[in-house]
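So the chains spell out like this:
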Amino acid sequence: MVEIQSFLTALYGFYNTIFEPVLAVGPYPALAFFSVCLAAVFSIIYWFLLDIEKNKKLKEKISNKQDKMKEARKNENPDEASEYMQETMELNQKMMMLNFKPMIATMIFVALIFPWLGSTFAPNVQMQQIDNTTFERNLSFAGETQQLTIINESEPTLQIDDKQITQGEKFSLQGIDWNFKNFGESSGGFLSSGEGYNAKMAAVFVPLPISIPLAGEALNWLGFYILIAMPLTYIFRKMLGVQ
């Protein structure tokens, strides 16, 4: 656990250093940049590691078997339909095994970069306790630092300069609209000692007209990433012949 924590701390420090110029241009262009790069990298991984011709032939066979299965059902021939379904399942299993290598390579990339993106755009700030009700810590983004103070009396209140923000309220800082999500005891984690108190912040990227499940009233960094990366991944794979 200590080794993983040390490795991630060093890795995040490296990312913060090399990507500081990107983050400095603002949250929207920065996350758009990461979304484009990752969509391209993931597409290239599949293009390089996937047997494209074999994958294409398997897709054609699956489509053919599915058509025959539908025809058999239409003709009320359940035995024949069941046989085609079994063959389709076997072909799908072969396709999954064919995609296993690029999928693992992609997951390694995700494991190395996504936690850092989360800690950058939705950080858990580990607060330092000053007295019974006062907690302080700095929030850093793109090389800029701002002191945060939380007064935890009847309810946690975040103080930034002369502003007071309660849980669930938004505030602007370092060119970003942030949501002060919550404050409480640390539940532990790779970059946490498991002790003390954390203030959870989340950058607001796309405000929504209504509250929706999981996303809430705004798209966070992950929702914004998906919004950009999904169509780009489709376009890049189309260009590379990986479908």
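This text follows the structure it describes.
Residues numbered from 1 in each chain as written. Predicted model: local features only at pLDDT ≥ 70, side-chain atom pairs only at ≥ 80, totals over all residues. Heavy atoms only, no water.

Novice: Which residues make up the sheet that holds strand E8 (residues 197-203), and what values go with them?
Specialist: The strand order across the open sheet built from 8 strands is E5-E4-E3-E2-E1-E8-E7-E6, with neighbouring strands paired in antiparallel fashion. Here the strands that pair on one side only, and so sit at the sheet edges, are strand E5 (163-166) and strand E6 (170-173). Averaged over all adjacent pairs, the angle separating strand axes in this sheet is 35°, with direction ignored. (Pairing = 2+ DSSP bridges. Helix = DSSP H or I, 4+ residues; strand = E, 2+ residues; numbered from the N terminus. Axes fitted to C-alpha atoms, helices over the stretch in contact; angles between N-to-C directions.)

Novice: Tell me what's going on with the pairing of E8, and back it up with residues and numbers.
Specialist: The buried fraction of E8 amounts to 6 of the 7 residues, a majority that puts the element mostly inside the structure. Two strands pair when backbone bridges link them, and strand E1 (residues 124-129) and E8 are joined in this way by 4 bridges, in the antiparallel orientation. Bridging from a neighbouring strand, Asn124 pairs with Lys200 of E8. (Buried < 20%, exposed > 50% of the residue type's maximum accessible area, 1.4 Å probe, protein only.)

Novice: Explain the side chain of Thr149 to me, and be specific about the residues and the numbers.
Specialist: Along the chain, the position of Thr149 falls in strand E3 (residues 144-152). If we skip the residues at most four places from it in the chain, Thr149 touches Thr134, Phe135, Glu136, Thr157, Leu158 and Gln159. (Contact = heavy atoms within 4.5 Å.)

Novice: An account of a negative patch on the surface is requested, with residue identities and associated values reported.
Specialist: On the surface, a cluster of negative charge is contributed by Asp67, Glu71, Asp79, Glu80 and Glu83. Those elements giving two or more residues to the negative patch turn out to be helix H4 (52-74) and helix H5 (78-98). With 3 residues, H5 is the largest single contributor of residues to the negative patch. Along the chain, Asp79 turns up in helix H5. Of the residues examined, Asp79 reaches a relative accessible area of 64% and is grouped as exposed. (Patch = residues over 30% accessible without salt bridge, like charges linked within 9 Å, V, L, I, M, F, W, Y side chains within 5 Å. Areas by Shrake-Rupley, 256 points an atom, 1.4 Å probe, with all protein chains shown as cover. Salt bridge = Lys/Arg side-chain N within 4 Å of Asp/Glu carboxyl O. Lys, Arg positive; Asp, Glu negative; His and termini not counted. Charge placed at Lys NZ, Arg CZ, Asp CG, Glu CD.)

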